Every structure is written in structure tokens, then in C-alpha cells.
Amino acid sequence: MDVLGFLSGLVLGASVVVIMSIPLFVKRAVETYAEKVVGNVFEKRIEKYKAELSRATMAREVMLEREMAFYDIIDEQIAELVPLIQDVRDDLTERPFTKEKRDRFVRIPELSIEMKDVSLRYEAYVPTDVWAAFNQLVVELQSQCGQWLDFAKKISSENEVDVEGKDVAGRMCDRVLSLVGTVRVRQADYLKSISGGEK
């Protein structure tokens with residue numbers, strides 16, 4: 001009986017060891033599974049976040065690229081506008097009316113259309129106050145086009161523009177130059193603010 005008692009004690013001991021091992025085995029299996037599931041979820045979320053971050057970065061780059069393109073374009077347009085508007089004002093008093101003078105008068109409506117196109121195209125990419133100042137310049141220039149062309153017709157037919165007309169032309173020129181100054185100040189203030197400089 002000793003052998004039978006020994007074997008039954010051995011079976012009982014082995015059963016206890018197996019029964020005690022099952023929870024440990026299940027615990028390790030559950031921990032491994034949970035780590036894998038949580039790890040996969042975490043990895044997927046990290047990848048999704050990286051993709052969103054990448055898209056946001058690309059979007060910011062596109063916005064900045066278009067904003068800087070706006071500034072480059074308006075720099076060229078304003079550089080053309082300032083002497084052009086001063087020249088047409090001065091052309092009212094100088095004789096004779098040449099093809100060069102005619103071309104300057106005709107260029108005002110053409111330039112205003114080009115500026116309007118830029119205003120509409122880049123509105124979404126430019127700070128509101130900078131865009132509003134530029135758009136106000138465009139609107140003013142467009143409203144003046146008819147008067148500049150009327151002056152051109154008058155002097156091309158060898159008629160002189162009277163003193164009142166010259167005063168009107170002077171005020172129109174001053175108004176455009178004032179609005180150009182507003183655009184430049186707002187542009188400079190904004191660029192200083194984003195570069196970390198003082199306003």
C-alpha cells in the first residue's frame with residue numbers, strides 16, 4: 001500500500017501543481033494578449049497621429065507658401081503702381097499726349113484687374129487685416145479707373161484738364177499712395193509679429 005499511497009500522493013501533488021499552474025499560465029497568456037492588443041492599438045494611434053501631424057504640417061507649408069507668394073506678387077504690383085499713378089497725375093500737365101502717356105493711362109485698369117485677381121485668389125491664405133488693406137486699395141483703384149480714362153480722353157484731344165480736374169487727380173493719387181502705405185504698414189507689422197519681432 002505504500003506504493004499506492006505514494007502514487008496517489010504523487011498524483012494528488014501533481015494535480016495540485018497543475019491546478020496551481022493553470023492560473024499562472026492563463027495569467028501570462030492574458031497579459032501577453034493584452035500587451036499585444038494594447039500595443040497594436042497604441043501603434044495604430046501613433047501612426048494615425050503621425051499621418052495627421054504630417055497632413056497638418058503639409059497644410060501649414062502650403063498656406064505659408066501661398067501667403068509668401070501673395071506678398072511677392074503684391075510687391076511687384078505696388079512697385080509698378082506707385083510710379084504709374086504719379087506719372088499719370090503728372091501727364092495731365094505735360095504736353096504733348098504721346099503713346100507712352102496713353103499706355104500709362106490704359107495700364108491703370110489693366111493693373112487694377114490683375115490686383116483684383118490676386119486679391120480674390122489669395123484671400124484665404126493672408127491675414128484678414130493685410131488682405132483687407134490690399135483689397136481696399138484695389139477697390140479704390142477700380143473706382144478711379146473711369147476718371148483716369150476720362151482725363152486721358154480729354155488730354156488726347158488736345159484739351160487741357162482744368163485746375164479742378166488737376167486737383168481731383170492729385171487727390172486720387174494721394175488716396176492711392178495713402179492706401180499703399182496702409183498695406184505696407186500692415187504687411188510689415190504682421191511679418192514682424194510672426195518672426196518674433198516687436199510690432
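**Quick word on the environment of A188**
Thought 1: Turning to its location among the elements, A188 is positioned in helix 4 (residues 163-195).
Thought 2: Judged by its relative accessible area of 33%, A188 is partly exposed.

**Some remarks on the side chain of E67**
Thought 1: Tracing the backbone shows E67 in helix 1 (residues 2-91).
Thought 2: Buried E67, no salt bridge; nearest opposite-charge side chain is R60, N-O distance 11 Å.
Thought 3: Excluding residues within four positions of it along the chain, E67 makes contact with Y125, P127 and Y190.

**Some details on the packing of aromatic side chains**
Thought 1: If you walk through the whole model with that rule in mind, you get five aromatic pairs.
Thought 2: Between F105 and W148 the ring centres are 6.4 Å apart and the planes differ by 55°, which places this aromatic pair in the tilted class. You can see F105 sitting in helix 2 (residues 99-122) and its partner W148 sitting in helix 3 (residues 128-156), a full 43 residues away along the chain. The same class applies to F105 and to W148, which are both buried.
Thought 3: Here the aromatic rings of W148 and F151 are separated by 5.9 Å at their centres, their planes lie at 70°, and the arrangement is edge-to-face. In this pair, W148 and F151 both sit in helix 3, three residues apart, roughly one turn of the helix.

**Comments concerning the packing of helix 2 against helix 3**
Thought 1: Helix 3 packs onto helix 2 with a crossing angle of 160° between their chain directions and a minimal axis gap of 8 Å. It follows that helix 2 is roughly antiparallel to helix 3 by the angle criterion. The two elements helix 2 and helix 3 cross, and the hand of that crossing is left-handed.
Thought 2: Each residue belonging to the contact of helix 2 with helix 3 can be placed in one class, and the counts come to 16 nonpolar, four polar and one charged.

**Considering helix 2**
Thought 1: In a regular helix each residue adds 1.5 Å, so 24 residues correspond to 34 Å; helix 2 covers 34 Å between its end C-alpha atoms and thus fits that length.
Thought 2: Of all the bends in helix 2, the largest measures some 30° and sits at R107, one to four residues before the proline P109.
Thought 3: Taken together, the buried positions of helix 2 are K101, R104, F105, R107, I108, P109, L111, S112, M115, V118, S119 and Y122.

**Overview of a nonpolar patch on the surface**
Thought 1: Taken together, the side chains of I22, F25, V26 and V30 make up a nonpolar region of the molecular surface, amounting to roughly 400 Å² of accessible area.
Thought 2: Its location among the elements puts V30 in helix 1.

**Notes on the pattern of salt bridges**
Thought 1: Enumeration according to the criterion identifies eleven salt bridges in this entry.
Thought 2: Between R107 and E80 there is a salt bridge, and its shortest N-O distance comes to 2.5 Å. Placement of R107 in helix 2 and of E80 in helix 1 is noted, with a sequence separation of 27 residues between them.
Thought 3: R107 sits in the buried class, given a relative accessible area of 16%.
Thought 4: Across the pair R102 and D103 runs a salt bridge whose closest N-O atoms are separated by 3.0 Å.

**Considering the confidence of the model for the protein**
Thought 1: On average, residues of the protein score 83 in pLDDT, and 85% of them are at 70 or above.
Thought 2: The secondary structure element of the protein with the lowest average pLDDT is helix 1, at 78, and the one with the highest is helix 2, at 92.

**Describing the nonpolar core**
Thought 1: By size, the foremost hydrophobic cluster in this structure holds 38 residues, and its most contacted members are F70, L81, I85, F105, F134, L137 and W148.
Thought 2: With twelve residues, the single largest contributor to this core is helix 3.
Thought 3: Setting aside anything within four residues of it in sequence, one finds I85 in contact with I108, L141, Q144, W148, C173, V176 and L177.

Thresholds applied
- Residues numbered from 1 in each chain as written.
- Predicted model: local features only at pLDDT ≥ 70, side-chain atom pairs only at ≥ 80, totals over all residues.
- Heavy atoms only, no water.
- Helix = DSSP H or I, 4+ residues; strand = E, 2+ residues; numbered from the N terminus.
- Buried < 20%, exposed > 50% of the residue type's maximum accessible area, 1.4 Å probe, protein only.
- Lys, Arg positive; Asp, Glu negative; His and termini not counted.
- Salt bridge = Lys/Arg side-chain N within 4 Å of Asp/Glu carboxyl O.
- Contact = heavy atoms within 4.5 Å.
- Phe/Tyr/Trp six-rings, centres within 6.5 Å; stacked < 30°, edge-to-face > 60°.
- Axes fitted to C-alpha atoms, helices over the stretch in contact; angles between N-to-C directions.
- Parallel < 35°, antiparallel > 145°, perpendicular 65-115°, else oblique.
- Left-handed = near helix turned anticlockwise from the far one by under 90°.
- Nonpolar A, V, L, I, M, F, W, Y, C, P; charged D, E, K, R; others polar.
- Expected span 1.5 Å × (residues − 1).
- Bend = angle between axes of the 7 residues up to and from the residue.
- Patch = residues over 30% accessible without salt bridge, like charges linked within 9 Å, V, L, I, M, F, W, Y side chains within 5 Å.
- Areas by Shrake-Rupley, 256 points an atom, 1.4 Å probe, with all protein chains shown as cover.
- pLDDT = per-residue confidence, 0-100.
- Core = buried A, V, L, I, M, F, W, Y, C linked by side-chain atoms within 4.5 Å.

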